[in-house]
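So you can see what is in the structure, the chains are spelled out below.
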Amino acid sequence: MQEIIATGTQRHHETLLQVLKSYYQLTKPRIILLLLITTASGLWVAANGEVDPLLVLVTMAGGALAAASANTINCLYDRDIDYIMERTRHRPLPSGRVQPRDALIFAIALAVTSFTLLTVFANLLAALLAMSGIVFYVAIYTHLLKRHSTQNIVIGGAAGAIPPLVGWAAVTGDLSWAPWVMFAIIFLWTPPHFWALAMMIRDDYAAVNVPMLPVIKGDEETARQIWYYTLLLLPLTLGLTYPLHTSGMVYAALAVFLGVIFAKKAWELLQAPTDRDKARSLFKYSILYLMLLSAGMVVDSLPVTHQVVAAIGQNVQVLISATGMM
Ligand code: HEM
Ligand SMILES: CC(C)=CCC/C(C)=C/CC/C(C)=C/COP(=O)(O)OP(=O)(O)O
């Protein structure tokens, strides 16, 4: 008898865990992680590296909840095509593990919590920007564009570029050139990021009539467009150092280093547009690229980095004057 009760309890726990896991999966957590790293770049650069830990915590939590809400509504809206595509068939809604009504309630609860948290502990602008991210992603990308335009992810990509604005606004209460440049960096990054993936799984999108660029225009044209966006992206990343001076040379050096690798991979894809390995390599690298570039903005903003750079600068000067005297 004892044993049966124990087994029953265990099973109950398993189911609860499985339910939690399904809701967690609805939020597309790995994408949220990268969105949070880009939020961090806005927070740290705006605060010149001296952030208020509570504000960071609240902004990250609010941003994550907003993105989770947006992703859940996207899963809800797209459950018909997700059911057909191999990559998405096992998601919680198409596989029947979560009911659509429950997903909707979950998404609304996430958005309300996010808005409250950001309004109370950060400010209204940060809260409204996060909500505009949800609205843009759901209404403009998912509803209006995704199934109807080859430019779907170019325009829709603006939603994914909002997190640094949220981070910046949380610190300063307003927006200036620098956060908009961070926005533009992610905006230009999105087409290479996504089209590289779309080249790999073109047939899936074709099967559900989603007009992703590689489906409509083919691999060669997509590789060319990726190349153009990459060429625009690289100089833009340096805009934070010159003319804006909100980031320094440590960031600039990293941006050049990471950018050259990005360009190399985009160039290789341009030379062999039908090579799926090249597309896969660029897609994977795009994620690492944005992660490291955003982390670089954070590190560059820290007072300790300024001190180290200044110390190195002084030593170099001493060395130069010493050699001059010889
Ligand atoms: C319209 C814009 C975008 C589109 C259409 C898009 C599309 C996709 C798709 C379809 C995947 C594959 C997901 C999967 O296998 O389930 C993916 C992966 C990923 N995306 Fe994007 N993405 C966009 C923008 C962004 C942005 C702005 C970020 C973060 C800043 C981001 C971060 C990621 C990450 C981290 C992954 C890898 C997830 C994993 O490991 O499974 N994406 N993206
Ligand atoms: C500030 C704030 C709340 C911003 C939210 C922005 C946000 C959630 C961006 C995510 C972009 C993304 C992963 C698109 C994939 O959609 P898809 O439908 O093409 O992917 P799928 O085919 O995998 O479902």
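For the structure itself, consult the block above.
Computed from a predicted structure; not experimentally measured.

A. Expanded view of the overall build of the protein chain. Across its full length, the protein chain carries 14 helices and zero strands. Put simply, the protein chain runs from its N terminus to its C terminus through helices and strands in the order α-α-α-α-α-α-α-α-α-α-α-α-α-α. Relative to all contacts within the protein chain whose residues are 6 or more apart in sequence, the contacts with residues 24 or more apart total 73%. Carbon together with sulfur atoms contributes 68% to the accessible area of the protein chain, which is approximately 16400 Å² in total.

B. Structural context of the coordination of the iron atom of ligand 1. Looking at the protein side alone, the iron atom of ligand 1 has one donor only, H193 (NE2), at 2.2 Å. By the element assignment, H193 lies in helix α9 (residues 177-200).

C. Representation of the side chain of T39. Note on placement: T39 falls in helix α2 (residues 29-46). On the accessibility criterion, T39 (2% relative accessible area) is buried. Within the structure, the side chain of T39 is placed 2.8 Å from the backbone oxygen of L35, a separation counted as a polar contact. Filtering out sequence-adjacent residues up to four positions away, T39 remains in contact with T59, M60, P163, P164 and G167.

D. Inspection of unusual backbone geometry at higher detail. Backbone torsion omega between Y242 and P243 reads 15°, so that peptide bond is classified as cis. Among the structural elements, P243 can be located in the loop between α11 (213-238) and α12 (249-271). The backbone of H245 shows a phi angle near 60°, a positive value even though the residue is not glycine. The residue H245 is located in the loop between α11 and α12 in this model. For H245, a relative accessible area of 59% puts it in the exposed group.

E. Just the site of ligand 2, in detail. Every one of the 19 residues lining ligand 2 counts as a neighbour, but R87, R91, Y137, Y141 and K146 are closest to it. One nitrogen or oxygen atom from the side chain of Y141 is found 2.6 Å from an oxygen atom belonging to ligand 2. Protein chains shield 89% of the accessible area of ligand 2, which is 630 Å² for the free molecule. Counting residues per element, the shell around ligand 2 draws most heavily on helix α3 (residues 53-77), at five residues. Of the residues assigned to the shell around ligand 2, the class counts are ten nonpolar, four polar and five charged.

F. Broad picture of the environment of A46. In this fold, A46 is placed in helix α2. A relative accessible area of 16% means that A46 is categorised as buried. Sequence spacing of A46 and S176 is 130 residues, and the spatial spacing of their C-alpha atoms is 9.7 Å. Those residues in contact with A46 that lie beyond four places of it in its chain are W168, V171 and T172.

G. Fine view of the site of ligand 1. What surrounds ligand 1 is a group of 19 residues, the closest being R30, R87, T190, H193 and F194. In this structure, R30 approaches ligand 1 through a side-chain N or O atom, which is 3.0 Å from an oxygen atom. Between a nitrogen atom of ligand 1 and a side-chain N or O atom of H193, the distance comes to 3.1 Å. If you list the elements that add at least two residues to the shell around ligand 1, you get α2, α7 (152-160), α9 and α13 (276-301).

H. Looking closely at a nonpolar patch on the surface. A cluster of nonpolar residues, V304, V308, I312, V316 and I320, forms a patch on the protein surface that exposes about 440 Å² of accessible area. Position of I312 among the secondary structure elements: in helix α14 (residues 303-325).

I. Local environment of α2. In this model, α2 (18 residues) spans 26 Å end to end at C-alpha, consistent with the 26 Å of a helix rising 1.5 Å per residue. The complete set of buried residues in α2 reads I32, L34, L36, T38, T39, A40, S41, G42, L43, W44, V45 and A46. On its buried face, α2 sits against α3, α8 (163-172), α9 and α13. In the stretch just after α2, N48 is the one whose phi turns positive, near 50°.

Thresholds, definitions, all that
- Residues numbered from 1 in each chain as written.
- Chains lettered and ligands numbered in written order.
- Predicted model: local features only at pLDDT ≥ 70, side-chain atom pairs only at ≥ 80, totals over all residues.
- Heavy atoms only, no water.
- Helix = DSSP H or I, 4+ residues; strand = E, 2+ residues; numbered from the N terminus.
- Contact = heavy atoms within 4.5 Å.
- Areas by Shrake-Rupley, 256 points an atom, 1.4 Å probe, with all protein chains shown as cover.
- Donors = N, O, S within 2.8 Å, 3.2 Å for Na, K, Ca; no water.
- Buried < 20%, exposed > 50% of the residue type's maximum accessible area, 1.4 Å probe, protein only.
- Polar contact = N/O pair within 3.5 Å; in protein donor to acceptor, adjacent residues only side chain to side chain.
- Near = heavy atom within 4 Å.
- Nonpolar A, V, L, I, M, F, W, Y, C, P; charged D, E, K, R; others polar.
- Patch = residues over 30% accessible without salt bridge, like charges linked within 9 Å, V, L, I, M, F, W, Y side chains within 5 Å.
- Salt bridge = Lys/Arg side-chain N within 4 Å of Asp/Glu carboxyl O.
- Expected span 1.5 Å × (residues − 1).

Honestly, that's just the spatial picture; any functional story needs more than this.
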